[in-house]
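Here is how the chains run, residue by residue.
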Amino acid sequence: MTLTEEVILLGVNIDHVASLRQSRLTPYPDIVEAARQAESNGADGITVHLREDRRHIQDKDVARLHQVLTTKMNLEMAVTEEMIGIACGIQPQDCCLVPERRQELTTEGGLDVVGQSGRIGEACARLGEKGIRVSLFVDPEPEQIQASADCGAPVIEIHTGCYASATTKQTVDTELNRIQTAVQLGRDLGMQVNAGHGLHYDNIKPVAAFPEIIELNIGHAIVARAIFIGLGAAVAEIKQLMIEARSL
């Protein structure tokens, strides 16, 4: 069995467990318990986004999780000196560099690697020196993928938001074709290719079916589903959908 052909991994983003906690500044729901439930029900890694404004995940969350995770931590972060310093200190297994604006509700698109190649390349090098595997969150655009490879990033995560928000079959098909082309280019350039953003229980299978994609990162949909069936069941359900898509 080869990883690229038969196995697909699930990274569970637990930011919005912290969002609920921060809405009342209570000690609950506990971010560590959320991670444990996710891991015990099929998560292959835990993703957290430490934002500049600390709207959900806090520095202490990152430190606590790093001590107790049995899978791996994927730390999403902006390309800033502060965040690079934090990552180099914590040394998570993975870091995903993402664009960030304070006024956005969620990440709105991929990094402009072409326009910031020097800065991003330096960040990749610094994080790589600490043994951190770096992923760049990019739109499914060939020039951004080529620039990611040129920056020395071993991994890219394809932004699937346009696909997820598509409302017509024609647009869905167009966006899936863009993703497929991007995934193949990333693989041809020697990078691991992951994907994520906006994926949920009803739209995940077409993306999960691409055999070159190694990992999907999903958060909001899982936490929303957990309100009705529990976090463990929500994780297990979406992981099963991914496995079914890969086995077709």
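Residues numbered from 1 in each chain as written. Predicted model: local features only at pLDDT ≥ 70, side-chain atom pairs only at ≥ 80, totals over all residues. Heavy atoms only, no water.

## Notes on unusual backbone geometry
Here the residue pair Tyr28 and Pro29 is connected by a cis peptide bond, since its omega of -5° sits within 30 degrees of zero. One can find Pro29 in the loop between α2 (15–24) and α3 (31–40). Its identity as a non-glycine residue notwithstanding, Gln91 has a phi of 55°, on the positive side. Residue position: Gln91 is located in the loop between α5 (81–90) and β4 (94–97). Although it is not a glycine, His197 adopts a positive phi angle of roughly 110°. Counting through the fold element by element, His197 comes out in the loop between β7 (192–196) and α10 (204–208). (Helix = DSSP H or I, 4+ residues; strand = E, 2+ residues; numbered from the N terminus.)

## Observations regarding the pairing of β4
A two-sided burial pattern is seen for β4, the buried positions comprising Asp94 and Cys96 on one face and Cys95 and Leu97 on the other. The pairing of strand β3 (residues 73–77) with β4 spans 4 bridges and is parallel. Across the sheet, the residue bridging to Asn74 is Asp94, located in β4. Taken together, β3, α5 and β4 constitute a β-α-β crossover, and its handedness is right-handed. Bridge count for β4 against strand β5 (residues 133–138) is 4 bridges, and the pairing is parallel. Looking across to β5, one finds that Leu97 is bridged to Leu136. (Buried < 20%, exposed > 50% of the residue type's maximum accessible area, 1.4 Å probe, protein only. Pairing = 2+ DSSP bridges. Right-handed = clockwise from strand over helix to strand, strands pointing away.)

## Thoughts on the packing of aromatic side chains
Throughout the structure, instances matching the rule amount to 0 aromatic pairs. Of note, Arg225 hangs over the ring of Tyr201, and the distance from its end group to the ring centre comes to 6.0 Å. (Phe/Tyr/Trp six-rings, centres within 6.5 Å; stacked < 30°, edge-to-face > 60°. Lys NZ or Arg CZ within 6 Å of the ring centre and 35° of its normal.)

## Thoughts on the sheet that holds strand β8 (residues 213–218)
Spatial ordering of the closed barrel is given by β1-β2-β3-β4-β5-β6-β7-β8, a layout of 8 strands whose pairing is parallel. Taking each pair of neighbouring strands and ignoring which way they run, the sheet shows an average axis angle of 25°. Lying on the sheet, helix α12 (residues 231–247) is in contact with β1 (9–13) and β8; it crosses β1 at an angle near 150°. (Axes fitted to C-alpha atoms, helices over the stretch in contact; angles between N-to-C directions. Contact = heavy atoms within 4.5 Å.)

## Description of empty space enclosed by the protein
It is a probe the size of a water molecule, rolled over the atoms, that shows where empty space is left. Taken as a whole, this structure holds 1 cavity of 30 Å³ or more when the rule is applied. For the largest cavity, the full set of lining residues is Lys72, Asn74, Asp94, Cys95, Cys96, Arg133, Ser135, Val155, Glu157, Asn194, Glu215 and Asn217. Elements that contribute at least two residues to the lining of the largest cavity include exactly β4, β5, β6 (155–159) and β8. At 3 residues, the largest contribution of residues to the lining of the largest cavity is made by β4. Residue composition of the lining of the largest cavity, grouped by class: 3 nonpolar, 4 polar and 5 charged. (1 Å grid on protein atoms, 1.4 Å probe; cavity = no way out; pocket = protein on both sides within 12 Å on 5 of 7 lines; lining within 4 Å. Points joined across faces, edges and corners; volume = space filled by probe spheres on them. Nonpolar A, V, L, I, M, F, W, Y, C, P; charged D, E, K, R; others polar.)

## Quick word on the packing of α5 against helix α6 (residues 117–129)
Geometrically, a packed helix pair is captured by the angle between its two axes and the distance between the axes. The contact between α5 and α6 brings their axes to 9 Å, and the two run at 15°. As the angle between them shows, α5 and α6 are arranged roughly parallel. Read as a crossing pair, α5 and α6 show a hand that is right-handed. On the side of α5, the interface is formed by Glu81, Ile84, Ala87 and Cys88, while α6 contributes Ala123, Arg126 and Leu127. A class-by-class count of the residues in the contact of α5 with α6 yields 5 nonpolar, no polar and 2 charged. (Parallel < 35°, antiparallel > 145°, perpendicular 65-115°, else oblique. Left-handed = near helix turned anticlockwise from the far one by under 90°.)

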